[in-house]
Amino acid sequence: MKESFKNERGKIIVENMVKIIQDNKNHLSEIDAQLGDGDHGINMNKGFSICYDRIKDKQLGFSESLEVLGNVLLNEIGGSMGPLYGVFFLEMAEVIKSKEVIDKFDFSKMLHKALEGIKELTDAKIGDKTLLDTLIPSIEAFDRTINNNGSFVEALNDLIESAEKGKDSTRDLISKYGRGNRLGEASKNILDAGAVSCYLILKSMSGSIKNLLESSSYL
Amino acid sequence: MKKIINNPDNVVNDQVEGFIKCHQEIIEKTTNPRVLKYNKSPVSGKVGIVTGGGSGHLPAFIGYIGENMVDAVAIGEIFSSPTPQAFLDAIIASESGKGVACLFGNYAGDKMNVKLAIKMARAKGIEVRTVVANDDVSSAPKEKKERRRGGGGEILMWKIAGAKSSEGGILDEVIDVAQKTVDNMRSIGVGLFPCTIPAFGKPNFEIEEGKMEIGIGHHGEKGLEIMDLKPSKVIANIMLDKILPDLPFIEGNEVVVMLSGLGATPVEELYILYSNIYNELKDKKIVVYKSYVGNFYTSLDMGGAFLTLLKLDEELKRLVDVNAYSVGLKQF
């Protein structure tokens, strides 16, 4: 198993993310409608699909594809998720802009920069029933594994597992941020749509990177 | 879903096109299709008044562009905040060198997009200050007032800040009076039917036949209390019971009343409700100084009403009396 992949081969990571968002468009909106206004899936699908149209016929690497995605979300989508995921992907792209090869330490940096970008925008914390409930434990799990000399793939597996747990943890939380917070106790027993989309994104991204690490064509 | 539309994904662009065609006497396009401006803006020597938010609330927000009102508006998708670029372009369209007051509702998306826009505006040397309306008492308890959303009271904030700006107030003064307006107003909504986002195709939630929801959100968010639909007089009492103690509004106060429909409730019914609200306030010796009844801040085809009360002092009274000319609110 390899411990790094080439930036130039990473467009597929973004393409796969687009697909998972498109496939979950209705699911995300249905979750969102229980707490908010039901547009999460619609807006995410719109942004990711615009990105797909812009990258599909181009020779782009991982960082360049992430940059297109981030810019589309930030500049063309609006809402809450436009700036949050826009900044998320742009910060990630920035870290690897001049990197030819991406290893587990680079990916950790990408996750941290993405988190920092989000924290500049919002004062939401872990436990507030937001995407941070998925993101923060995922980063912690990834870091824990690489600090214990785990492989890139092992760290990604741990990241996916923590992302799922983090996403599921929002079911029991009372919404403290965004539109759900008005519901108080009534916001319990419902997943947070942002936490779900963050899980889908991290799961897809990690799965695609694992495929690249496992693929034999890269020497 | 039965709607007069072409493509559900294009409803925002299509409605903005129609709006421009209909209101050319005051509205002007900008280079950004998601920003409209008053055709005389930027007005030399005047603090720019900017707002923005999701679509689906007509006449909010673009309907408040006009004379002594809002200079430029950033337009978002249905119920979804405009982008940082749209807010920035609205700021630029209204800026005459005296700075810009960006006055919007307390929604997470709007706050983040405005934050990024201000960063970009600052890089261009434009001074922007903000006030967020948080008048909707049902959106968070009083001890967490900073979390409350903006509601129909946003219109009164624009009206008063616009008046202050037009009489030559500097940015600090415009911001202060907008904040004072926010601090002195409270709102509550009652929902009878849910709304349908065209691209989603079905209502987000159900309100059963014979029921109403108190504390409904402006985006079809569920209410806090579901109860049997009551006569208008009782609805008036329930709404006032939620907002009067919150500020509080007390005997001898002079107030502005704004009663807005949510889109599908006939204005006739709003006047029935207004009459009951007026009587109830009179009984409590709260003086109605001025009232606005109509569709000011809607939620697509949602049924129900949204009530805002603003407590006046001498300055607010003077400013609320200033003439205004916009699509959503005209006052001569």
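Described in the following lines is the structure provided in the data block. (Residues numbered from 1 in each chain as written. Chains lettered and ligands numbered in written order. Predicted model: local features only at pLDDT ≥ 70, side-chain atom pairs only at ≥ 80, totals over all residues. Heavy atoms only, no water.)

A short note on the environment of A:Ile201
Residues and elements named next belong to chain A. What counts here: We count a stretch as a helix when DSSP gives it H or I for four or more residues in a row; a strand needs E for two or more, and each element gets its number in order from the N terminus. We call two residues contacting when some pair of their heavy atoms lies within 4.5 Å.
Mapped onto the elements of the fold, Ile201 is located in helix H9 (residues 193-214). Between the alpha carbons of Ile201 and Val14 there is a distance of 9.4 Å; along the sequence they are 187 residues apart. With residues near it in sequence (within four places) discarded, Ile201 still touches Met17, Ile21, Met44, Phe48, Tyr85, Phe88 and Phe89.

Things to note about the interface of chain A and chain B
Condition: By definition, the buried area sums, over both parts, the 1.4 Å-probe accessible area that each loses when the two are put together. Any carboxyl oxygen of Asp or Glu that lies within 4 Å of a side-chain nitrogen of Lys or Arg is treated as forming a salt bridge with it. By the criterion applied in these results, polar contacts are pairs of N or O atoms within 3.5 Å in which, for protein atoms, one can donate a hydrogen and the other can accept it, and in which residues neighboring in sequence qualify only through two side-chain atoms. Note that Gly is not counted as nonpolar here; it falls among the polar residues with everything else outside the nonpolar set of Ala, Val, Leu, Ile, Met, Phe, Trp, Tyr, Cys and Pro and the charged set of Asp, Glu, Lys and Arg.
With 33 residues of chain A at the contact, the number on the chain B side is 35 residues. When chain A packs against chain B, the two sides together hide about 2,600 Å² of surface, and 52% of this comes from carbon and sulfur. Put simply, chain A and chain B have three salt bridges between them. The tally of links between chain A and chain B comes to seven residue pairs in polar contact (both at pLDDT 80 or more). Going through the elements one at a time, helix H2 (25-35), helix H3 (40-55), helix H4 (62-76), helix H5 (81-96) and helix H6 (104-121) of chain A are the ones with two or more residues in the side of chain A that touches chain B. No other element matches H2(A), which puts five residues into the side of chain A that touches chain B. Taken together, the residues of the side of chain A that touches chain B sort by class into 11 nonpolar, 13 polar and nine charged.

Comments concerning the side chain of A:Ser162
Residue and element names in this part refer to chain A. Convention followed: Note on exposure labels: buried denotes an accessible area under 20% of the residue type's maximum, exposed denotes more than 50%, and partly exposed covers the range between, all computed with a 1.4 Å probe on protein chains only.
As for its position among the elements, Ser162 is in helix H8 (residues 152-169). For Ser162, a relative accessible area of 15% puts it in the buried group. Not counting the four nearest positions on each side in its chain, Ser162 is found in contact with Pro137, Ser138 and Ala141.

A short note on the packing of helix H7 (residues 132-147) of chain A against H9(A)
Residues and elements named next belong to chain A. To keep things clear, this is the line we draw: Here an angle of 0 to 180 degrees is reported between the N-to-C directions of two axes, which are lines fitted to C-alpha atoms, with helices fitted over the stretch in contact.
The N-to-C vectors of H7 and H9 enclose an angle of 35 degrees; their axes lie 7 Å apart at closest approach. Contacts between H7 and H9 pair Thr134, Leu135 and Ser138 from the former with Ala195, Cys198, Tyr199 and Leu202 from the latter. Looking at the contact of H7 with H9 residue by residue, the classes come out as five nonpolar, two polar and no charged.

Here we look at the environment of B:Cys22
Residues and elements named next belong to chain B. Tracing the chain through its elements places Cys22 in helix H1 (residues 11-22). Take Cys22: its relative accessible area is 53%, and that puts it in the exposed class. A C-alpha to C-alpha distance of 10.0 Å links Cys22 and Val327, two positions 305 residues apart in sequence.

Section: the environment of A:Phe88
Residue and element names in this part refer to chain A. Within the secondary structure, Phe88 sits in helix H5. Sequence separation between Phe88 and Asn147 is 59 residues; the distance between their C-alpha atoms is 23 Å. Those residues within four positions of Phe88 in sequence are excluded, and the remaining contacts are Ala114, Ile118, Leu135, Ile201 and Leu202.

Quick notes on the sheet that holds strand E14 (residues 324-326) of chain B
Residue and element names in this part refer to chain B. As a reminder of what qualifies: Two strands are counted as paired when DSSP detects at least two bridges linking them.
Across the sheet, three strands lie side by side as E4-E14-E15; this open sheet has antiparallel pairing. The sheet is open, and its two borders are formed by strand E4 (66-67) and strand E15 (330-331), each paired with just one other strand. Looking at chain direction, E4 and E14 are connected through two bridges and run antiparallel. Considered in E14, the bridge of Gly66 is made with Ser326.

Here we look at the packing of aromatic side chains
Residues and elements named next belong to chain A. Rules: Two aromatic rings from Phe, Tyr or Trp, using only the six-membered ring of Trp, form a pair when their centres are within 6.5 Å; if the ring planes differ by under 30 degrees the pair is stacked, by over 60 it is edge-to-face, and anything between is tilted.
Applying the stated criterion across every chain, the model contains 16 aromatic pairs over all chains. Judged by centre distance (6.1 Å) and plane angle (45 degrees), the ring pair of Phe107 and Phe152 falls under tilted. You can see Phe107 sitting in helix H6 and its partner Phe152 sitting in helix H8, a full 45 residues away along the chain. The same class applies to Phe107 as to Phe152, namely buried.

Remember that the coordinates give geometry; whether it matters functionally is a separate question.
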